[in-house]
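# Topology and contacts: notes
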Amino acid sequence: MSLAMQTKINLSEMSADRAQPQRSAVTPPIRLTRSERMRLGTIGLIGFIGIWSLLSLTGLVPRQFLPAPHEVLIRFIELLGTPFAGATLVEHLASSFMRFAYGFLLAAMIGIPLGLLMGWYRWLDDVITPIFDMLRFIAPIAWVPFAALWFGTGIGGPIMIIFAGAFPPCLINAYRGARFVNRNVIEAAQMLGTSNLRIVTEVLLPASIPSIVAGLRVSAGLAWQSLIGAELIVASAGVGFMMVQAQAGVATATVMTCMLAIGLVGLLIDVALRQIETAIRRRHGQS
Amino acid sequence: MTNNRRLIVGFATLAVIAAIWYVMTEATGWISPGRFPTPLDTWDALSQVTFGEYANGALYEHAFHSVKLVLLGFMVAAGIGVPLGLLMGWNSKAEALINPIFLLIRPIPPLAWIPLAILWLGLGDAAKVMVIWFAAFVPSVVNSYTGVKAIDPAVIEAVRMLGTPRWRFIREVMIPAALPMIFTGLRLSLQASWTTLVAAELVGALYGLGRVLNVAQQDIYPGMILVGMISVAILGWATTMILGQVEQRSLRWMQVRG
Amino acid sequence: MASIEFSSVGKVFNRAGIDFVTLDGVDLSVAEKEFVAIVGPSGCGKTTCLRMAAGFEFPTLGTVKVNYRDVTAPGPDRAVVFQQFALFPWKTVAQNIELGLRNKGVPKVERQERVKNAIALMSLQGYESAYPHQLSGGMQQRVAIARAYVLEPEVLLMDEPFGALDAQTRVSMQEELVRLARVNPRTVLFITHAVEEAVYLADRVAIMTKRPGRIKEIIDIKSVRLAEKWDEHERIEDVMDLESFVHLRTHIWRSLREEKGSQVH
């Protein structure tokens, strides 16, 4: 840089740079202490429940359509013992959960082995992937008419819907897990003369377990959600069916009770799987 | 080339499936036409709903109706969800205030809101938009939030060192940095929107592809069920593709290779 | 005339309810257009010193002044070059360099001129519209240095700027920086753990004690460099061969090793 240029720059710096004082610049992100966090969180929750109560209790929204929080809670406790639409809340939940468990296990039992095999055998990958890509864009819930037609509305139909929701993450995560196994490990196994099938079961499967378990968690969430959808449309029992019945009778508190129950069970399923996931990850040394 | 190979095997697979479909239904009748339609049944159903009417309307009317509701719900959700997520990601006070409410509501799957939406807003469009909004909202917020949280602290220090004004920071640093995650969220939101729409229309609607599925199920008309499913899949695919294009355009800097 | 002034600076960090004294009475002043390097055992708080001058952190005790003003916030008058570059991946090289000038409200024509000069200064011609991820680590750090230099800052704060680079790139960047310091001298505070780098680049080297950090010793390099005519050698390895260089380096090594004490195996 020539001296002349430098002088020019320095002069211009004085004229332009000094002319404008610092405007409101970005401030660093605030760090909250635990107690501040708790306090704000409590305010948020109280505000949420407060507005809800206010809307309901003042009659701004008709009580019939928006019961107050405590009324939902009372209804929740009532329904634990009192039958509604043929069964108590607990019984409805139990029958929903059974369907969920069947559909979910079926999806895992088919999806995981298929995913692993696709990760090892190229031809299988080439054959399944286009079919899978084609079916992927069909929302699980869109299978409802065929599910009802093929398996009825009792147990079979809903299970098929759950299966449709739960299957893709099982397959994809097993496949990815198998594809991203360290090549050295596979080559070491091959060097030791391991057969193809044994590589799948004794190398790919254990190495993919973290990925598979992560997939199972996603899968369970989708399965639970698909189940509720299916029960809303075709079912004669279960918590979704109970909701539809309550909706038809304008029993808003009962509808909300069901939502609460669905949320709680969904949360429990997720927490349980998360526990398993952390335990497995720890055993695999990737905390 | 491997890409070519995949394409060939892919097409071959689909051709084989079509052939099996034909043989199993039309040619041999091993699968009863009351359970799964023959190719010809499907064609008949398609021309009936395309040139005539089924379930109160032609195919394009149903499709248009469904797409309209999905886009409406999706856009409102993204329009509110992304800014809220950005705010929660940057401002820890907003995060602390709102997060517990989220934790309370999030475990309830969007589909479980359908009865309440119908109770509140009836069987018309408003209820569907509400449920779609709900389904699309959560992924938009969560991913935008994660995107901001993941910004390299050194980049924020560089921004401060350079004396960047707040608004310029938001526009030129925070949003571009979070954009890949924002798009991940939008893709999930769009997917959730379609799922929710179909469910909501199956539960009760006057128009829309879900309505077609519903009526076809009641009529035990497998050809029409298949047409309805394929239509939903194609529209879902098309909207996802459009979003993907927007994403690629917005994230051009990531695509450039050195 | 002191450009950066640390007076009896103490810093206490709180981690999970436990206080850690990081700095305990740091006194150091950097004169205008002087290049001072701080070396010290890892964890001694040398980076904390730089971050306080930058305005990212503040002393618990004592004061940090730049040009006689207390440091209250980061700003473009104290440009920082980060170890991990901290470039904006979605901005081109030119846009990265330009941002600070835009923030200062420099008019467009002049801005372009200054960006062009900075690009030329760091030999980045031809890469103006490249994105950072397309460049090698060394090139990225050139962009980061250009981004700092273009602001014509009063002081330049460099936090192990070559720490993330491979050995060869590192050497060429060191030579580059020496060239730059001759063409366009700035007040520089330079943090490093590499002793050779400090001796080669700096006018003075401050050695810190292990935690809690204090300035143990300040070595004058400049007088030796001028007396022994280091500048006549263009390559770093020629300078490093000089007896005067070896002597200074060994002295600093010894001093540091005493600090590491039991830490060294």
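As the structure is a computational prediction, the values presented were derived from the model and not from experiment. Throughout, a residue's number is its position along its own chain's written sequence, starting from 1. Key to labels: chains lettered from A, ligands numbered from 1, both in the order written. Reporting of local features is limited, given that this is a predicted model, to residues whose pLDDT is at least 70; pairs of side-chain atoms are given and counted only at 80 or more, and all residues count toward the totals for whole chains, interfaces and linings.

### Side note on the overall build of chain C
Every helix listed is a DSSP run of H or I at least four residues long, and every strand listed is a run of E at least two residues long, numbered separately from the N terminus. Secondary structure assignment for chain C yields nine helices and ten strands. All radius of gyration figures rest on C-alpha atoms, and the globule criterion is 2.2 Å times the number of residues raised to 0.38. Its C-alpha radius of gyration of 19 Å places chain C within 12% of the 18 Å reference for a compact globule of 265 residues. Principal axes of the C-alpha set define a box for chain C whose edges measure 55 × 45 × 35 Å. Going through the 265 residues of chain C one by one, you find that 46% of them count as buried. The contact criterion used here is simple: two residues whose C-beta atoms, placed from the backbone, lie within 7 Å are in contact. A sequence separation of at least 24 residues applies to 71% of the contacts in chain C between residues at least 6 apart. Whether a residue is buried, exposed or partly exposed follows from its count of other C-beta atoms within 10 Å of its own C-beta, namely 20 or more, 12 or fewer, or something in between, respectively; the C-beta atoms are built from the backbone.

### Section: the confidence of the model for chain C
Reading fine detail from the predicted coordinates is not recommended where pLDDT is low. As a per-residue quantity, pLDDT reports the predictor's confidence and falls between 0 and 100. Residue-level pLDDT values for chain C average 90, and 97% of them are 70 or greater. Both scores are available for the predicted complex, with the pTM at 0.86 and the ipTM at 0.87.

### Some points on helix H6 (residues 144–179) of chain A
Helices are assigned an expected span. That span is 1.5 Å times one less than the residue count. Under the 1.5 Å per step criterion, the end-to-end length of H6(A) is only 33 Å for 36 residues, more than 12% shorter than the ideal 52 Å. Consider a residue and the seven residues that end there alongside the seven that start there; fitting an axis to each set, the bend is the angle between those axes. A bend of about 130° at A:Thr153 is the largest found in H6(A).

### Comments concerning the domain arrangement of chain C
Residue and element names in this part refer to chain C. For chain C, the assigned domains are domain 1 (2–71 + 160–172 + 189–263) and domain 2 (78–152). For the domains described, the bounds stem from an automatic or database domain assignment. In this structure, domain 1 and domain 2 have C-alpha centres spaced 26 Å apart. Each side of the interface is counted separately: domain 1 has ten residues, and domain 2 has eight residues. Side-chain classes follow a simple rule in which Ala, Val, Leu, Ile, Met, Phe, Trp, Tyr, Cys and Pro form the nonpolar group, Asp, Glu, Lys and Arg form the charged group, and the remainder, Gly included, forms the polar group. Residues of the side of domain 1 that touches domain 2, tallied by class, amount to six nonpolar, three polar and one charged.

### Here's the deal with the nonpolar core
What we call a nonpolar core is a set of buried Ala, Val, Leu, Ile, Met, Phe, Trp, Tyr and Cys residues whose membership is set by joining through C-beta atoms within 7 Å. The biggest cluster of nonpolar side chains holds 222 residues, and the ones touching the most others in it are A:Val144 and C:Ala53. The element best represented in this core is helix H8 (residues 166–203) of chain B, accounting for 18 residues. Each residue touching C:Ala53, except ones within four places of it in the same chain, is listed here: C:Ile4, C:Val64, C:Val66, C:Val71, C:Arg78, C:Leu157 and C:Leu189.

### Points about the interface of chain B and chain A
Put simply, an interface is often sized by how much accessible area is lost when its parts join up. At the interface, 51 residues of chain B touch 51 residues of chain A. Elements with a contribution of two residues or more to the side of chain B that touches chain A: helix H1 (2–27), helix H4 (92–105), helix H5 (114–121), helix H7 (153–161), H8, helix H9 (209–218) and helix H10 (222–250) of chain B. For the side of chain B that touches chain A, the class distribution of residues is 37 nonpolar, nine polar and five charged.

### Let's talk about the sheet that holds strand E10 (residues 215–220) of chain C
Residues and elements named next belong to chain C. Taken in spatial order, the six strands of this open sheet run E6-E7-E8-E3-E9-E10, and their pairing is mixed. Pairing within the sheet leaves two strands with one partner each, and these edge strands are strand E6 (78–81) and E10. Put simply, the sheet's adjacent strands are angled 20° from each other on average, direction ignored. Where helix H4 (residues 137–149) meets the sheet, its contacts fall on E6 and strand E7 (155–159), and the angle it forms with E6 comes to roughly 180°. Following DSSP output, two strands are said to pair if at least two bridges run between them. Think of each axis as a best-fit line through the C-alpha atoms, taken over the contacting stretch in the case of a helix, with angles from 0 to 180 degrees between the N-to-C directions.

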